[in-house]
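# Examining the three-dimensional arrangement
The lines below spell out each chain.
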Amino acid sequence: MKKMVVAIDGHSSCGKSTMAKELARVTGYTYIDSGAMYRAVTLYCLEHGLFKGDAPDGENLRKALRDIHLSFQTNPETGRSETYLNGRNVEKEIRSMEVADKVSPVAAIGFVREEMVKQQQALGREKGIVMDGRDIGTVVFPNAELKLFVTASPEIRAQRRLEELTAKGESTTLEEVLHNLSKRDRIDSTRKDGPLKKAVDAIVIDNSNLSISEQNRKVLELFEEIAQK
Ligand code: DC
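Residues numbered from 1 in each chain as written. Predicted model: local features only at pLDDT ≥ 70, side-chain atom pairs only at ≥ 80, totals over all residues. Heavy atoms only, no water.

In the structure shown here, the tally under the stated rule is 1 aromatic pair. With a centroid separation of 5.3 Å and 80° between ring planes, the pair formed by Tyr 29 and Phe 223 is classed as edge-to-face. One end of the pair, Tyr 29, is in the loop between helix H1 (16–27) and strand E2 (30–33); the other, Phe 223, is in helix H9 (residues 212–227), and 194 residues separate them in sequence. This pair shows no difference in class: Tyr 29 is buried, exactly as Phe 223 is. Here the basic side chain of Arg 62 rests over the ring of Phe 111, its NZ or CZ set 4.3 Å away from the ring centre. The lysine or arginine in question, Lys 102, covers the ring of Phe 51, its NZ or CZ lying 5.1 Å from the ring centre. (Phe/Tyr/Trp six-rings, centres within 6.5 Å; stacked < 30°, edge-to-face > 60°. Helix = DSSP H or I, 4+ residues; strand = E, 2+ residues; numbered from the N terminus. Buried < 20%, exposed > 50% of the residue type's maximum accessible area, 1.4 Å probe, protein only. Lys NZ or Arg CZ within 6 Å of the ring centre and 35° of its normal.)

And the structure:
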């Protein structure tokens, strides 16, 4: 069977990563979480005092970018890929509300995107990958064999995200999560470089009323259909 690139884009907290991880698991493909890369750059900015209010100081971040080394390693215990920032495992820290709150302005900076896109394209050179994000089907892999655009209603996405954060021990409210998601979606969709948008040839999956297993079945069917062509 030919090796493919699967590009999964969509709104914040719509279940893209659950979908992408499961598809990678059953197909033996490598899963790459492109959002984790923007989150890790944001964590670096927070730790190095590079924020000026809501946005990072562009000049200092441009200089710092060469000192930011990102990588992924599989955790042998869980079999899951985890994000490393300059050799340090930051998988937990990059999922905090603080990082979620600051990441969109970082991801809107053109030179940050240029560098991340370059690294993402290098990770996909050998194919056999499932990558999720916002611009994977439009900018990173415009020739991906399978492109999915995932969405769900804002209320359902906020509820799912709240459950995830609460399970991790973060204290927050539905209103706060909904506010963060709407703000991120607005910044992500309206930025100049690599805005969140559906690729013309992407297949839309609205999972508001789908269970995880229904969603997984649907995605695997689409994958198999294209892989056999
Ligand atoms: O998928 P996520 O929530 O972990 O993404 C974090 C942020 O990074 C999100 O606000 C949008 C941004 N992002 C992006 O601009 N481009 C990508 N390919 C992936 C994420």
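Around the ligand there are 15 residues in total, and Arg 39, Arg 113, Asp 135, Arg 184 and Arg 191 lie nearest to it. Ser 34 has a polar side-chain atom sitting 2.9 Å from a nitrogen atom of the ligand. The separation between an oxygen atom of the ligand and a polar side-chain atom of Ser 104 is 3.0 Å. Within the complex, 95% of the 450 Å² of free accessible area of the ligand lies under protein. For the shell around the ligand, the elements supplying multiple residues, two or more each, are helix H2 (34–47), helix H4 (97–107) and helix H8 (174–190). With 4 residues, H2 is the largest single contributor of residues to the shell around the ligand. Classifying every residue of the shell around the ligand gives 4 nonpolar, 4 polar and 7 charged. (Near = heavy atom within 4 Å. Polar contact = N/O pair within 3.5 Å; in protein donor to acceptor, adjacent residues only side chain to side chain. Areas by Shrake-Rupley, 256 points an atom, 1.4 Å probe, with all protein chains shown as cover. Nonpolar A, V, L, I, M, F, W, Y, C, P; charged D, E, K, R; others polar.)

Now for H9. In a regular helix each residue adds 1.5 Å, so 16 residues correspond to 22 Å; H9 covers 22 Å between its end C-alpha atoms and thus fits that length. Along H9, the positions that sit buried rather than exposed are Gln 215, Asn 216, Val 219, Leu 222, Phe 223, Ile 226 and Ala 227. Looking down the long axis of H9, one finds its buried residues gathered within 130° of arc, a one-sided arrangement. On its buried side, H9 packs onto strand E1 (5–10), H1, strand E9 (146–151) and strand E10 (203–206). (Expected span 1.5 Å × (residues − 1). Arc of directions from axis to C-beta. Contact = heavy atoms within 4.5 Å.)

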